[in-house]
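# A closer look at the structure
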Amino acid sequence: MSAFKNIFPVPMLEHFVPERIADDVEKLLVSKLDSIPRPTDDAPHSTDYFEPKKVIDLYTDVPELFSEIQDCVNKFQEACSIKNLPHTNQYVWWTQDYQEGDIHKEHEHGMNKISGVYWVRANENAGGLSFRNPNPYVEYAHNEYSQYGYGKYEFQPIKGKLLLFPSYLKHQVEPSGKNVIRSTIAFNVVY
């Protein structure tokens, strides 16, 4: 008798914040959209990633959102039995706003961290967030009809949705369409 076993799963945590909190965060960010720098190099999306002063302070401007993030990080750590990486309540975060055609090329955020994205606002034209399967097997025997052959998985942006994932996962933002609305707060947990 033969049987397949699905071992070594990759943890992802999806959470929707309460609607009132989502509305408050959106209202705040929309009032500050013009403050997000728009680069002219090959990272075509507005971001305050490189700025010493952030457009939104995660701790003081949106404390209820931060509390939701903190709770999710604690759940993520507990579910993954992350014991050797004490949580310090420190985050590195940045705000992004995407316009038509904007992308974020494939990248990762390093090892031994939890990363996350919170969609402040999004519409149907917003580019999805795609994760590459970390199993190298799919690069040699890709078969989109097999659960073991999917090369990527794409999450569609939804206002109020929080997604946590291991920082080592390669991911990218797909191109946004016309009349796009796609604003995020992304972060790494500092250990």
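Here the structure is shown first, and the text comes after it.
We now turn to the structure provided with this report. (Residues numbered from 1 in each chain as written. Predicted model: local features only at pLDDT ≥ 70, side-chain atom pairs only at ≥ 80, totals over all residues. Heavy atoms only, no water.)

## Considering the sheet that holds strand E7 (residues 152–155)
The strand order across the open sheet formed by four strands is E4-E9-E6-E7, and the pairing between neighbours is antiparallel. In the strand order of this sheet, the two ends are held by strand E4 (104–107) and E7, each with one partner. Between one strand axis and the next, the sheet turns through 15° on average, direction left out of account. Bridge analysis of strand E6 (residues 129–132) against strand E9 (residues 171–173) gives three bridges, and the strand direction is antiparallel. Paired with Ser 130 across the two strands is Gln 172, which belongs to E9. (Pairing = 2+ DSSP bridges. Helix = DSSP H or I, 4+ residues; strand = E, 2+ residues; numbered from the N terminus. Axes fitted to C-alpha atoms, helices over the stretch in contact; angles between N-to-C directions.)

## Regarding the packing of aromatic side chains
Applying the stated criterion to the full structure yields nine aromatic pairs. Between Tyr 49 and Trp 94 the ring centres are 5.0 Å apart and the planes differ by 90°, which places this aromatic pair in the edge-to-face class. On the criterion of sequence distance, the pair formed by Tyr 49 in the loop between strand E2 (46–47) and helix H2 (63–80) and Trp 94 in strand E3 (residues 90–98) is long-range, its members being 45 residues apart. On the accessibility criterion, Trp 94 (5% relative accessible area) is buried. Their ring planes at 90° and their centres at 5.8 Å tell us that Phe 131 and Phe 155 sit as a pair that is edge-to-face. With Phe 131 in strand E6 and Phe 155 in strand E7, this residue pair connects regions lying 24 residues apart in the sequence. An aromatic cluster is present here, built from Tyr 59, Phe 66, Tyr 91, Trp 93 and Phe 187 joined pairwise through their rings. Arg 182 extends its terminal NZ or CZ atom over the ring of Tyr 98, reaching a point 4.5 Å from the ring centre. (Phe/Tyr/Trp six-rings, centres within 6.5 Å; stacked < 30°, edge-to-face > 60°. Buried < 20%, exposed > 50% of the residue type's maximum accessible area, 1.4 Å probe, protein only. Lys NZ or Arg CZ within 6 Å of the ring centre and 35° of its normal.)

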